[in-house]
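Residue-level structure breakdown
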Amino acid sequence: MGQVPENTVIPPILILGNGRVAKHFSHYLSSQQVPIIQWARSSAIAPLAQIIEKDQPKIGLVLIQDSAIEPFIESRPELHSLNLIHFSGCLSTSHATGMHPLMSFGPNLYEPAFYEKIPFICEKGQLQFSDIFPDFKNPTYTIEQKDKALYHALCVLAGNFSVILWQKLFKDFESRLEIPAGAAHPYLEQITRNLLAHPHLALTGPLQRRDQITIEKNLSALQDDAFQSIYQAFREMYV
Ligand SMILES: NC(=O)c1ccc[n+]([C@@H]2O[C@H](COP(=O)([O-])OP(=O)(O)OC[C@H]3O[C@@H](n4cnc5c(N)ncnc54)[C@H](OP(=O)(O)O)[C@@H]3O)[C@@H](O)[C@H]2O)c1
């Protein structure tokens, strides 16, 4: 944090929830010497109102499941005097300001320096990330509220669905072909490198070559497999 006069008491930031993002962000804030207090329904050591009364946070990060954010805030009047922020990529609500970290937060924490690189996507005309965290270096971008659903759909398509495809390959290599999943790691790494270096040239394979014979063989090999319709959808979309 920036220089603050001696004896100044910095109000802690209240983190609500104890899921993946709450754990990652607690770790990030602590690494930046930002005081935090955390409250979660499953591990609360005191009622929320009591904690707020005692520690006087000014900012609350509502890092809970998207569908629970609005009802949770509505049912907690003790939160209403705080500046509330949520991290959902697709929710826009008058109850809390949305700031979406463009990152995937897995079970393991990252190096503190990595968190500074995570971009935050904020809404135009709303509180910005730098208003809440003026000393943080994270890049921020703003989008119109009406574009938030599209923004999030793109993140889910690319970020989440590609994971499902890779999980399928890892699992079927091992269970159906007796090839260790690790054998595909260099392939995945190089695809990622190619994509970052030359996004427009990164696609290879039968769709890119418009090799209909190979495409038909692939589709027939996926007979009775739920992923056959995924392959077919990509074929139709790519044409
Ligand atoms: N994970 C990511 O990669 C990622 C990336 C960007 C943004 N986000 C956003 O970050 C937020 C948190 O996601 P997450 O991945 O950390 O989720 P998560 O690991 O599934 O954790 C969800 C948290 O929400 C709490 N919760 C669920 N329903 C609740 C309710 N009715 N009242 C109070 N607490 C409730 C859970 O408490 P219990 O344990 O008691 O059920 C848990 O602490 C979401 O808005 C998500 O969209 C996530």
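Residues numbered from 1 in each chain as written. Predicted model: local features only at pLDDT ≥ 70, side-chain atom pairs only at ≥ 80, totals over all residues. Heavy atoms only, no water.

1. A closer look at a nonpolar patch on the surface
Short version of the rule: Candidate patch residues must exceed 30% relative accessible area and have no salt bridge, after which like charges are joined if within 9 Å and Val, Leu, Ile, Met, Phe, Trp or Tyr side chains if within 5 Å. Accessibility throughout is a Shrake-Rupley quantity obtained with a 1.4 Å probe, and a residue counts as covered only by protein chains that appear here. For salt bridges, the criterion is a side-chain nitrogen of Lys or Arg within 4 Å of an Asp or Glu carboxyl oxygen. A helix here means a DSSP run of H or I that spans at least four residues, while a strand means a run of E at least two residues long, and both kinds are numbered starting from the N terminus.
Together, Leu150, Leu154, Leu157, Phe161 and Ile164 line one region of the surface with nonpolar side chains, adding up to about 480 Å² of accessible area. Relative to the assigned elements, Ile164 resides in helix H6 (residues 148-177).

2. Let's talk about the site of the ligand
Keep this limit in mind: When at least one non-hydrogen atom of a residue lies within 4 Å of a molecule or strand, that residue is treated as near it. Under this definition, polar contacts are N or O atom pairs within 3.5 Å; protein pairs additionally need one hydrogen-donor-capable and one acceptor-capable atom, and for neighbouring residues in sequence, both atoms have to be side-chain atoms.
Every one of the 21 residues lining the ligand counts as a neighbour, but Asn18, Val21, Arg41, Asp66 and Phe105 are closest to it. At 2.9 Å from an oxygen atom of the ligand is found a main-chain nitrogen or oxygen belonging to Arg20. Between an oxygen atom of the ligand and a main-chain N or O atom of Ile64, the distance comes to 3.3 Å. Counting residues per element, the ones that place at least two in the shell around the ligand are helix H1 (20-31), helix H3 (66-74) and strand E5 (97-101).

3. Quick look at the sheet that holds strand E6 (residues 120-123)
Strand pairs in the sheet, formed through backbone hydrogen bonds, run parallel or antiparallel to each other. The criterion, for reference: At least two bridges found by DSSP between two strands are what make those strands a pair. Note on method: axes are straight lines fitted to C-alpha atoms, helices fitted across the in-contact stretch only, with angles between N-to-C directions ranging 0 to 180 degrees. By definition, residues are in contact when any of their heavy atoms lie within 4.5 Å.
Judged by pairing direction, the sheet is mixed, and its seven strands sit side by side in the order E2-E1-E3-E4-E5-E6-E7 without closing on themselves. Strand pairing shows two members of the sheet lacking a second neighbour, strand E2 (36-39) and strand E7 (140-143), which therefore form its edges. For this sheet, the mean angle separating the axes of adjacent strands, direction not counted, is 25°. Here strand E1 (residues 13-16) runs beside E2; their pairing, made up of four bridges, is parallel. Paired with Ile15 across the bridge in E2 is Gln38. Of the strands in this sheet, E1, E2, strand E3 (59-62) and strand E4 (83-86) are in contact with H3, which crosses E3 at around 140°.

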